[in-house]
Amino acid sequence: MFDSSYRRLGDAYSVLCAATPVSEPKWMAFNHALAETMGWPKAWRETDEALAALAGNSTLAGSTPYATVYAGHQFGSYNPQLGDGRALMLGEWCTEEGKRLDVQLKGAGRTPFSRGGDGRSPIGPVVREYLVSEAMAALGVPTTRALAAVATGDPVLRQGPEPGGILTRVASSHLRIGTVQYFAMSKGGDGVAELVNHITMRHYQEELAQSSAANPGTTQVLLKGVCKRLASLVAQWQSLGFIHGVLNTDNMLLCGETVDYGPCAFMDNYAADRVFSSIDTGGRYAYQNQPGIVHWNLSVLAQCLLPLMHDDQEKALQAAQHAVDLFPRHFTDVHGALLANKFGLGTFRESDRELVDGFFKALAEGDLDFTLAFRWLTEVAGGNLDHTPLPELFKPSVALLKWLDGWRAVRKQRNADTEATLEQMRKANPVVIPRNHRVAEAISAAELGDYRVLNDYHQRWQTPYEWHADDRLYAASPEPEVRVTRTFCGT
Ligand code: AMP
Ligand code: MG
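Residues numbered from 1 in each chain as written. Chains lettered and ligands numbered in written order. Predicted model: local features only at pLDDT ≥ 70, side-chain atom pairs only at ≥ 80, totals over all residues. Heavy atoms only, no water.

## Considerations on the environment of Asp-268
Our working definition: Working definition: helices are DSSP H or I runs of at least four residues, strands are E runs of at least two. Numbering for both runs from the N terminus. In this analysis, two residues are considered to be in contact whenever any of their non-hydrogen atoms come within 4.5 Å of each other. We call two N or O atoms a polar contact when they sit within 3.5 Å, provided that within protein one can donate a hydrogen and the other can accept it, with sequence-adjacent residues counted only if both atoms are side-chain atoms.
Counting through the fold element by element, Asp-268 comes out in the loop between strand S13 (265-266) and helix H9 (290-309). Note: C-alpha distance between Asp-268 and Gly-39 (229 residues apart in sequence) is 37 Å. In contact with Asp-268, not counting residues within four places along its chain, are Leu-368, Asp-369, Phe-370, Arg-435, Pro-478 and Arg-483. Within the local environment of Asp-268, its side chain forms a polar contact with the side chain of Arg-435, the two groups lying 2.7 Å apart.

## A closer look at the pairing of strand S3 (residues 26-30)
Which entries qualify depends on this criterion: Exposure is judged per residue with a 1.4 Å probe applied to protein chains only, and the accessible area is read against the type maximum: over 50% gives exposed, under 20% gives buried, and values in between give partly exposed. DSSP bridges decide pairing: two strands pair if at least two such bridges lie between them.
The element S3 is extensively covered by neighbouring structure, given that 4 of its 5 residues are classed as buried. Summarising the sheet, S3 and strand S10 (residues 145-157) pair through 4 bridges and their orientation is antiparallel. Considered in S10, the bridge of Ala-29 is made with Ala-149.

## A closer look at the site of ligand 1
The line we're drawing: Proximity criterion: a residue is near a molecule or strand once any of its heavy atoms comes within 4 Å of it. The protein chains shown are the only cover counted for residues, whose accessible areas, like all others here, come from Shrake-Rupley with a 1.4 Å probe. Classification convention: Asp, Glu, Lys, Arg as charged; Ala, Val, Leu, Ile, Met, Phe, Trp, Tyr, Cys, Pro as nonpolar; all other residues, Gly among them, as polar. Where each domain starts and ends comes from a domain assignment, either automatic or drawn from a database.
Looking at ligand 1, there are 18 residues lining it, with Gly-83, Gly-85, Arg-86, Gly-119 and Asp-260 nearest. A distance of 2.7 Å separates an oxygen atom of ligand 1 from a polar atom in the backbone of Gly-83. Across the complex, the protein chains shield 88% of the 490 Å² of accessible surface that ligand 1 would expose by itself. Partitioning the shell around ligand 1 into residue classes produces 2 nonpolar, 8 polar and 8 charged. Here the shell around ligand 1 spans two domains, and each of domain 1 (2-175) and domain 2 (178-267 + 281-332) adds at least three residues to it.

## Things to note about the pattern of salt bridges
Applied cut-off: By definition, a salt bridge exists where a carboxyl oxygen of Asp or Glu is found within 4 Å of a side-chain nitrogen of Lys or Arg.
All told, the structure shown has 30 salt bridges when counted by the stated rule. We note a salt bridge from Glu-92 to Arg-202, for which the minimum N-O separation is 3.5 Å. Of this pair, Glu-92 sits in strand S7 (residues 87-94) while Arg-202 sits in helix H6 (residues 192-203), placing them 110 residues apart in sequence. You'll find Glu-92 and Arg-202 in the same group, each marked buried. Here Arg-483 makes a salt bridge to Asp-367, at a shortest N to O gap of 3.2 Å. Taken together, the positions of Arg-483 in the segment after helix H18 (471-474) and Asp-367 in the loop between helix H11 (353-366) and helix H12 (370-381) put the pair 116 residues apart, joining distant regions of the chain. Judged by relative accessible area, Asp-367 falls into the partly exposed class, the value being 38%. One network of salt bridges, in which partners are shared, links Asp-3, Arg-8, Glu-92, Arg-100, Asp-102 and Arg-202.

## Here's the deal with the domain arrangement of the chain
Put simply, the test is: Here the buried area means the combined drop in accessible surface, using a 1.4 Å probe, for two parts upon being joined, counting both sides.
Segmentation of the chain into domains returns domain 1 (2-175) and domain 2 (178-267 + 281-332). Centre-to-centre, using C-alpha coordinates, domain 1 lies 23 Å away from domain 2. For the pairing of domain 1 and domain 2, the buried interface totals around 3200 Å² over both sides, and the portion due to carbon and sulfur atoms is 61%. When the area that domain 1 buries against domain 2 is broken down by residue, the three leading residues are His-73, Phe-75 and Leu-175, summing to 21%. The interface formed by domain 1 and domain 2 includes 3 salt bridges. Across the domain 1-domain 2 interface, the total number found is 17 residue pairs in polar contact (both at pLDDT 80 or more).

## A short note on the nonpolar core
Heads up, the condition is: Residue types Ala, Val, Leu, Ile, Met, Phe, Trp, Tyr and Cys, when buried and joined through side-chain atoms within 4.5 Å, form a set referred to as a nonpolar core.
One finds Met-28, Phe-343, Phe-359 and Trp-407 to be the most contacted residues of the largest nonpolar core, which totals 121 residues. Broken down by element, the residue count for this core peaks at 12 residues, all from helix H8 (residues 218-240). Of the domains in this structure, domain 1 (2-175) and domain 2 (178-267 + 281-332) are the two that each give at least three residues to this core. Residues contacting Phe-343, with those up to four places away along its chain left out, are Val-356, Phe-359, Phe-374, Leu-377, Trp-403, Trp-407, Arg-411 and Met-425. Core analysis: the next-biggest nonpolar cluster, separate from the first, contains 26 residues, Val-22, Met-38, Val-150 and Val-170 among them.

Below, the structure written as structure tokens:
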């Protein structure tokens, strides 16, 4: 059943808007596993009716599509009005289990927020988002999901004409730091209280119920909750070598899910300052900067919420500061726990920092692959590489082999060399990730009308922590000459 609780906040928050029909829709991919969890009937899913609805050629029963307004800091500069210019909300899908999920078409035509844009998307970004967001979900990272990818049959004009596509995106909600910013900073505070109430009721009810009597403020609960969820999110990105690419405040969801798979990529060979996005010329959103940038984005959110935190300005400031200060602490805790799992240490201690730094130093100096290095370590911990193609896929440097001595000593000293920590390593160190050159391959094939590569990689990336028979192909890191080092937003 579709509902739109967000629409009920009023026209200041979103405007009704229809999709623009396309000429010849075709399925590129359909995520049956996700549809199943949403309770979308199997018999319906691959009908012409479903295709027409997810291509924007017809409207689903109960859906009254709309576009939402937001603002945001883009590369540090405030843009007072952005909005769903290339996305259209079909509504909030309420599952039988009582879950409420935003269902959105990305690339369904112009909306009142499209500014100079065409509201469309080429196939490339649709394929990238479909693959990477679903791989992220399989890796266990909170993320928006991809329900379907459709080719429209109509060209979109970018550098030249490119085939167009539409992605059906599903999220706990699409409300962003930028949504709060729009009302707080562009509208002088009008409407922020209602928005805060909506978001807290939707995403932080448990936290609200648990908040102590001394601190009953909804705003405080929301700010603390977002700080904690985003700290945990970025810790997971760091642990997997995921680089988002455009950490603008409008690309940070308040529900704590990863959103906006534009120029994102997983790094192959390790470098702390790795950047992929072609527009991130200053490296603002480089791998090592991600935690700091998310922290900065949260301070922007805190600033927007100040007037609601307390009537007394001083007390408001203290409460906001307290919430924002949760970020570094929570990040350090979660990231430490993830590192302990990745290195098989049981628990992480401050004194392990040197050991971890030594590992990354060896990777950087040896131009070694981030993902394979951790999986290699996992198999070394298990005492046997031979059940894997690793001996062919990964050659440890002399420095890395030397580093192993120190690592073994720490594990021994701590009695951490156990079956339990080995299992933690296996669950923290994936065999396969959506490597950039593979995503690029899927995009090139899809542009020629062949969606098999897309569906094949999608399938393999659903079980990232297991070895499969043909992983000589799937797990391999790219040869230096086929590394994809630049990615584009595709707007
Ligand atoms: P993004 O870089 O995807 O976060 O988008 C930033 C802003 O540009 C958002 O307000 C989008 O809605 C808008 N936008 C991006 N691409 C298009 C497009 N092709 N047509 C209209 N608006 C767009
Ligand atoms: Mg965006």
